[in-house]
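# Architecture and fold: a report
Below are the chains, spelled out letter by letter.
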Amino acid sequence: MRARIRAGDREAFAELYETYARAVYNHALRMTGDWSTAEEVMSEVFLTAWRTRATVQPDGGPLGPWLFGIATNKAHNANRATRRRTAFLARRPAPEQVEDFAEETAGRLDDARKLAAMQRALARLRRPEREVLALCVWSGLSYAEAAEALGIAVGTVRSRLSRARERLRGLLDEPAPVKTAEPRSRRGEVKSEAAFAAWPIQEEAR
């Protein structure tokens, strides 16, 4: 697969997209907390992957870590741009409120509250801690794969993840501002803020 991607094989790239598009989107959503932004990030990830395909090493394992590394950087840039837009809009008069009659509004609001609860917990962590948590816990990457995605040592991934879980335990001792219902349990998804600290991480034999 790596050789085909490096050579610009469009069929191979289509296979890569089919394999990782959903996972990349989910990672972007968890990092940004916004559906439309996550879609934009996912598109940018695969566009960047195509443009930089020659940088793929001919030998190695699955290409997921490479894509997740791109996605993490794109999500960080998107969050920074969002903060700039928010600051700009805060200086402008508030727009007139328009009632939304969309049928899915109630469900969207419920999902948004759940996502906001997770984002509040993540926002209180340092960026490196958020990244390893999202990659290892949410996206299911191994320590080695997360290290490859972030360009750091495996030991650094382990220590950052340990610190992230410890800090979250402390945060979870604080009163929650809003009670939110837990979403259905799915593989690769966090059920509640408490799950961040309790999620089992598979130790790899080294």
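Read on for an overview of the structure.

## Side note on the packing of helix 2 (residues 10-32) against helix 6 (residues 127-138)
- Viewed as axis vectors pointing N to C, helix 2 and helix 6 meet at an angle of 140 degrees, and their least axial separation amounts to 11 Å. Considering how the two elements wind past one another, helix 2 and helix 6 form a crossing that is right-handed. Contacts between helix 2 and helix 6 involve His27, Arg30 and Met31 from the former and Arg130, Glu131, Ala134, Leu135 and Trp138 from the latter.
- By residue class, the composition of the contact of helix 2 with helix 6 is four nonpolar, one polar and three charged.

## Re the nonpolar core
- In this structure, Leu16, Val24, Val45, Phe46, Trp66 and Leu67 are the most contacted members of the largest nonpolar core, which totals 24 residues.
- At the level of secondary structure, the elements contributing two or more residues to this core comprise helix 2, helix 3 (35-51) and helix 4 (64-90).
- The element that contributes the greatest number of residues to this core is helix 2, accounting for nine residues.
- Beyond its immediate chain neighbours, meaning those up to four positions away, phenylalanine 46 contacts Phe13, Leu16, Tyr17, Tyr20, Ala21, Val24 and Leu67.

## Some words on the packing of helix 6 against helix 7 (residues 143-150)
- Between helix 6 and helix 7, the shortest axis-to-axis distance is 9 Å and the interhelical angle comes to 135 degrees. When the axes of helix 6 and helix 7 are compared, the pair comes out oblique. The interaxial crossing formed by helix 6 with helix 7 has right-handed handedness. Residues Glu131, Val132, Leu135 and Cys136 of helix 6 pack against Tyr143, Ala146, Ala149 and Leu150 of helix 7.
- The residue inventory of the contact of helix 6 with helix 7, partitioned by class, reads seven nonpolar, no polar and one charged.

About the cut-offs
- Counting restarts for each chain: residues are numbered from 1 in the order of the written sequence.
- At least 70 in pLDDT is required for a residue's local features to be given in this predicted model, at least 80 for side-chain atom pairs to be given and counted, and no such filter applies to totals for whole chains, interfaces and linings, which use all residues.
- Values shown for side chains rest on all heavy atoms present in the structure; no hydrogens or waters enter the calculation.
- For helices, the axis comes from a line fit to the C-alpha atoms of the stretch in contact; other axes are also lines fit to C-alpha atoms, and the angle between any two N-to-C directions lies between 0 and 180 degrees.
- For the purposes of this entry, the term helix denotes a DSSP run of H or I that reaches at least four residues, the term strand denotes a run of E that reaches at least two, and both are numbered from the N terminus.
- Here a crossing is called left-handed whenever its near helix is offset anticlockwise from the far helix by less than a right angle, and right-handed whenever the offset is clockwise.
- Whether two residues are in contact is decided by their heavy atoms: any pair within 4.5 Å suffices.
- Residue polarity is assigned by list, with Asp, Glu, Lys and Arg as charged and Ala, Val, Leu, Ile, Met, Phe, Trp, Tyr, Cys and Pro as nonpolar; anything else, Gly included, falls into the polar class.
- Working definition of a nonpolar core: buried Ala, Val, Leu, Ile, Met, Phe, Trp, Tyr and Cys residues. They are joined through side-chain atoms within 4.5 Å.
- Remark: exposure states derive from per-residue accessible area (1.4 Å probe, protein chains only) relative to the maximum for the residue type, with buried under 20%, exposed over 50%, and partly exposed in between.
- Each angle receives one of four descriptions, namely roughly parallel if under 35 degrees, roughly antiparallel if over 145, roughly perpendicular if within 65 to 115, and oblique otherwise.

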